[in-house]
Every structure is written in structure tokens, then in C-alpha cells.
Amino acid sequence: MKVEKIMVVGAGQMGSGIAQVCAQAGYDVILNDLNLQLTEQGKNTIRINLLRQVNKNLMKTEEMEAILSLISLSTNLEDARDVDFVIEAAVENMNIKTQIFRELDRITPEHTILASNTSSLPITEIAAATNRPEKVIGMHFMNPVPVMKLVEIIRGLATADEVYETIETITKTLEKVPVEVNDFPGFVSNRVLMPMINEAVFALYEGVASREAIDEVMKLGMNYPMGPLTLADFIGLDTCLYIMETLHEGLGEDKYRPCPLLRKYVKAGWLGRKAGRGFYEYK
């Protein structure tokens, strides 16, 4: 199946990154969100990312402008009526995602593939909201999207082989590495990563060490580029909590129980970098 036009639903950190790499690969991209301010912020983020490459002489200004010209803005899902492929990157909430997929199923042409960038929710359940479960698939990018090479590709129970092969090919055209993962809560990346972060929060909660010490041990001892608490702030503590709750509910094991300190910070609005405060303070 030939894909030429893509809609990305959600213009936040992940959605804008996905739109950027799709446009860099030469696809026509529609960046969609709830209002014009959000979509303009998303496109401005892309411009800033590309400008960094221009300033480092990794890209010419003309190339940057050509990439940006491939990205149009939308505040209406009806604009998906002539796209070949949709990547949903909305908030990590099953009710919101199923509503979006229900609408996209109604709006898009019969041949259109619908993908979700969910980091933990079951693809089979999302697909069940549509009349085309065979054309629904998971495409989990890593953050920051323009830099990270991995994309987890997740088949739902009904995902067709042809759809998987198409998405695998598209992933490679984006200069990413596709890895097939089965449809389990958290897939592989977050099933392994989030309990590690959660355990680091427990270590802080129980007074095992300071936040700086915990991060330093993991950086110097395990050669991680950043410590788990710094990483949690970067991801967003609300996102970390939601994924841990999904793992706990989906797998039913106490080892996935979110740390009370993580819950406390989220309730306080200390969500990490985006809020100016999480485990660390940010100006």
C-alpha cells in the first residue's frame, strides 16, 4: 500500500516530533490538535528543532523551509478525509483515544491505516472502537522522536500482515528501527523502564539516598545517560504514574504498584520539567 499523506493527531512533544520526522522523509503531513494555538506551538517546536540543525551546518535553510512547507495545521479531524495514514499521539487515556479512533474510522477512506503512539495501552482494545481492526496498529516512538531510533510496532489481535509490513516499511523511511512487540501492557520499553523509575522513587521515598545520589549511582554505575529521577521529570510524572497504573491493572502484580511519593507529586502538580518542578526544580 502506498502512503503519501499522513495526519498526526496531537501536536505536543511526541506529536510534533512525529510530524517532523514524517515531513523530513518527504510525506505531506497534517498536524492536528484541539485548537490553533496548540498546532502553532507544535509547528514552532519543529522549526526550533530544524533551526538547531541549520545553525550546526547540518542542514541548509532551504531544506528547513521545504520540510516546514510539507506541514499544514488542522483543528478538525474531518481534515483526515483524504489521508492514507493517521498516527494518533493524543493524551495517554483510553477513553480519549477510543473516541478519536471512532471518529477517524468514520471520516477516513477505507484504505487508511490508523496507528496509535500509545506507550502502554492495549492496541486490541483501541482497534475494537473501529470497524477496521485489521487496519489498526501500535507505533510507539521514543522521546525525543527526532533523535531516538527505536519504534515499537505492536499488532492488535486482528492487525493484518499487509498493514504490519506497510508500517515497518514506513518506519524505515523515517530512518527509524522497527521492532515487533506483542500487545501486552507497557509493551517492552515501559514494562522494563517504568518499574525501574518507580523503584528509584521508592528508594527516595524510603530515604535510601538523596535524589542526586540515586541518579549518580545509575549514571556512573550503570552508564545511563541520565538518572531515573531526572528521566521521570523529563517524561512527566503524570505520564509515569499513568503507565504504572496501566501495568498494575493489566498485569495484576504488586511489583507494578506506583510509589505513594509519585502519586503525591502528581497530586501536588509537580509533574516534572513541563511544570517547572518534579523531583528537581526547573527555571
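Residues numbered from 1 in each chain as written. Predicted model: local features only at pLDDT ≥ 70, side-chain atom pairs only at ≥ 80, totals over all residues. Heavy atoms only, no water.

## Looking at the overall build of the chain
Spelled out, the test is: Note on conventions: DSSP H or I runs of at least 4 residues are helices, E runs of at least 2 residues are strands, and numbering of each starts at the N terminus. Residue exposure (1.4 Å probe, protein chains only): buried if accessible area is under 20% of the type maximum, exposed if over 50%, otherwise partly exposed. Methods summary: accessible areas were calculated by the Shrake-Rupley approach with a probe of 1.4 Å, and residue burial reflects only the protein chains presented. The convention is simple: Lys and Arg are positive, Asp and Glu are negative, and His and the chain ends are not counted. The location of each charge is read from NZ of Lys, CZ of Arg, CG of Asp or CD of Glu.
Looking only at helices and strands, the chain features 11 helices and eight strands. Projected onto its principal axes, the C-alpha coordinates of the chain cover approximately 55 × 45 × 30 Å. Going through the 283 residues of the chain one by one, you find that 48% of them count as buried. With the model as given, the accessible surface of the chain reaches about 13800 Å², and the carbon-plus-sulfur share is 52%. Computing the positive centroid from 29 side-chain charges and the negative centroid from 38, the chain places the two 5 Å apart.

## Section: the UniProt feature "domain: 3-hydroxyacyl-CoA dehydrogenase NAD binding" (unreviewed entry) in the chain
Quick reminder of the rule: UniProt positions are given in the numbering used here, feature names are shortened, and annotations may be inferred rather than shown by experiment.
Under the UniProt annotation, the feature "domain: 3-hydroxyacyl-CoA dehydrogenase NAD binding" (unreviewed entry) is placed at residues 5-183. Split by type, residues 5-183 is 41% helix and 22% strand. Its first and last C-alpha atoms lie 27 Å apart.

## Brief notes about the side chain of D105
We apply this condition: Should any heavy atoms of two residues lie within 4.5 Å, those residues are counted as being in contact.
Along the chain, the position of D105 falls in helix α4 (residues 94-107). Assessed through its relative accessible area of 14%, D105 is described here as buried. In this structure D105 touches L114, T130, N131 and R132, once residues within four positions along its chain are discounted.

## Describing the UniProt feature "domain: 3-hydroxyacyl-CoA dehydrogenase C-terminal" (unreviewed entry) in the chain
Under the local residue numbering, the UniProt record ascribes the feature "domain: 3-hydroxyacyl-CoA dehydrogenase C-terminal" (unreviewed entry) to residues 186-282. Structurally, residues 186-282 is divided into 62% helix and 0% strand, and its ends, taken at the C-alpha atoms, are 28 Å apart.

## A look at the environment of M244
Position of M244 among the secondary structure elements: in helix α10 (residues 237-251). In this structure M244 comes out as buried when scored by relative accessible area, which is 1%. Here the alpha-carbon distance between M244 and L229, two residues 15 residues apart in the chain, equals 15 Å.

## Some thoughts on helix α11 (residues 260-267)
Selection criterion: Working note: the arc is built from the helix axis to C-beta atom directions.
Within α11 the residues assigned to the buried category are L261, L262 and Y265. The buried residues of α11 occupy an angular sector of 105° when projected down its axis, which confines them to one face. In this structure, α11 carries K264 and K267 as exposed residues pointing more than 90 degrees from its buried face. Residues of α11 that are buried in the fold lie against α7 (189-205) and α10. Following α11 by one or two positions, G269 has its phi on the positive side, about 85°.

## Looking at the nonpolar core
For clarity, the cut-off: Among the buried residues, those of types Ala, Val, Leu, Ile, Met, Phe, Trp, Tyr and Cys that are joined through side-chain atoms within 4.5 Å form a nonpolar core.
Within the largest apolar cluster, 37 residues are counted, with the highest numbers of intra-cluster contacts made by F85, M139, F141 and I167. A total of six residues in this core trace back to one element, the largest contributor, which is helix α1 (residues 13-24). Contact partners of F141, with chain neighbours within four places excluded, come to M14, I18, V21, I87, N117, L150, V151 and L174. By size, the runner-up hydrophobic cluster in this structure holds 24 residues, among which are A203, L237, M244 and Y282.

## Some remarks on the pattern of salt bridges
Heads up, the rule is: The term salt bridge refers to a side-chain nitrogen of Lys or Arg lying within 4 Å of a carboxyl oxygen of Asp or Glu.
In total, this model carries 20 salt bridges according to the counting rule given. Linking E65 and R47 is a salt bridge whose minimum nitrogen-to-oxygen distance equals 3.8 Å. Of this pair, E65 sits in helix α3 (residues 61-69) while R47 sits in helix α2 (residues 36-55), and the two are 18 residues apart along the sequence. Its relative accessible area of 37% is what places E65 among the partly exposed residues. In this structure, R106 and E78 form a salt bridge, with 2.8 Å as the shortest nitrogen-oxygen distance. Taken as a pair, R106 in helix α4 and E78 in the loop between β3 (71-74) and β4 (85-88) lie far apart in primary sequence, 28 residues in all. Among the ionic contacts, a cluster of salt bridges with common partners joins R211, E212, R277 and E281.

## Notes on the sheet that holds strand β8 (residues 177-181)
Basically, it comes down to this: Two strands are counted as paired when DSSP detects at least two bridges linking them. For helices, the fitted line uses only the C-alpha atoms of the stretch in contact; every axis is such a line through C-alpha atoms, and the angle between N-to-C directions lies from 0 to 180 degrees.
Strand order in the open sheet formed by eight strands is β3-β2-β1-β4-β5-β6-β7-β8, and the pairing between neighbours is mixed. Both edges of this open sheet fall to β3 and β8, since each of them pairs with a single strand only. Taking each pair of neighbouring strands and ignoring which way they run, the sheet shows an average axis angle of 25°. The sheet strands contacting α4 are β1 (5-9), β4, β5 (113-116) and β6 (136-141), and the helix crosses β5 at an angle near 170°.

## Comments concerning the pairing of β6
In terms of residue burial, β6 counts as a mostly covered element, since six of its six residues are buried. Alternating residues of β6 divide into V136, G138 and H140 and I137, M139 and F141, and every residue in both groups is buried. Relative to β6, β5 runs parallel, the two being bridged by three bridges. Looking at β6, one finds that S116 is bridged to G138.

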